[in-house]
Amino acid sequence: QVQLVESGGGLVQAGGSLRLSCAASGLTFSRYSMGWFRQAPGKEREFVAAIDWIGSNTYYADSVKGRFTISRDNAKNTVYLQMNSLKPEDTAVYYCAADRTFSSHPSLNRSQYDYWGQGTQVTVSS
């Protein structure tokens, strides 16, 4: 079955960096767009970043643009989220997700995604 396993979360001070990874199995990874979403306590899950199947097109939420970078390695079936200049408001559980729609324009809409990981906690202290 399809599995998405996130790793790399943790506790970091404001201004610091973390790199999240999401390892995929049970699917033809190179045919899926991939996204990162996050959910803070008491808030809805929100879009963070997305990347198309080949890594040519990327999209970011305005709140993370210029600080976060999404990338993928299709040979390793892995998508990454490099997070720099972290702020306390970035604190959330981060989820990766896979969208089977074979498009060069990945979706920003969480309902479009077919598979989800279990999430990894990111906590940024002030």
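Criteria and thresholds
Residues numbered from 1 in each chain as written. Predicted model: local features only at pLDDT ≥ 70, side-chain atom pairs only at ≥ 80, totals over all residues. Heavy atoms only, no water. Helix = DSSP H or I, 4+ residues; strand = E, 2+ residues; numbered from the N terminus. Rg over C-alpha atoms; globule rule 2.2 N^0.38 Å. Buried < 20%, exposed > 50% of the residue type's maximum accessible area, 1.4 Å probe, protein only. Contact = heavy atoms within 4.5 Å. Areas by Shrake-Rupley, 256 points an atom, 1.4 Å probe, with all protein chains shown as cover. Salt bridge = Lys/Arg side-chain N within 4 Å of Asp/Glu carboxyl O. Pairing = 2+ DSSP bridges. Axes fitted to C-alpha atoms, helices over the stretch in contact; angles between N-to-C directions.

A.B. asks: Would you mind going over the overall build of the chain in detail, with residue names and values included?
C.D. replies: Within the chain one finds zero helices and eleven strands. The C-alpha radius of gyration of the chain comes to 13 Å, within 12% of the 14 Å expected for a compact globule of 126 residues. Here the chain holds 126 residues, and the buried ones make up 42% of them. Taking as baseline every contact in the chain between residues at least 6 positions apart, the subset at least 24 positions apart corresponds to 60%. Accessible area for the chain stands at about 6,200 Å²; split by element, carbon and sulfur atoms hold 46% of it.

A.B. asks: Explain the pattern of salt bridges to me, using residue names and the numbers behind them.
C.D. replies: Taken as a whole and judged by the stated rule, the model has six salt bridges. Across the salt bridge formed by Glu44 and Arg110, the nearest N and O atoms sit 3.9 Å from each other. Placement of the pair is Glu44 in the loop between strand E4 (33–39) and strand E5 (46–51) and Arg110 in the loop between strand E9 (92–99) and strand E10 (115–116), with a sequence separation of 66 residues. Assessed through its relative accessible area of 61%, Glu44 is described here as exposed.

A.B. asks: Talk me through the sheet that holds strand E7 (residues 68–73); I want residue IDs and the actual numbers.
C.D. replies: One open sheet accounts for four strands, arranged E1-E3-E8-E7; its pairing is antiparallel. Looking at which strands have only one partner, the edges of the open sheet turn out to be strand E1 (3–7) and E7. Pairwise comparison of adjacent strand axes, ignoring direction, gives a mean angle of 15° for this sheet. Sheet topology places E7 next to strand E8 (residues 78–83); six bridges connect them, and they run antiparallel. Bridging from a neighbouring strand, Phe68 pairs with Met83 of E8.

A.B. asks: So what about the pairing of E5? Which residues, and what values?
C.D. replies: Of all the six residues making up E5, five are buried; the element is thus mostly covered by neighbouring parts of the structure. Summarising the sheet, E4 and E5 pair through five bridges and their orientation is antiparallel. The residue of E5 that forms the bridge with Trp36 is Ala49. Hairpin connection, E4 to E5: the antiparallel pair is bridged by six residues, and Gly42 has positive phi, about 75°. Where E5 lies against strand E6 (residues 58–60), three bridges are found, and the strand directions are antiparallel. Across the sheet, residue Ile51 finds its bridge partner in E6, namely Thr58. Hairpin geometry of E5 and E6 is characterised by an intervening segment of six residues between the two adjacent antiparallel strands and by a positive phi of about 90° at Gly55.

Nothing here speaks to function; it is all geometry.
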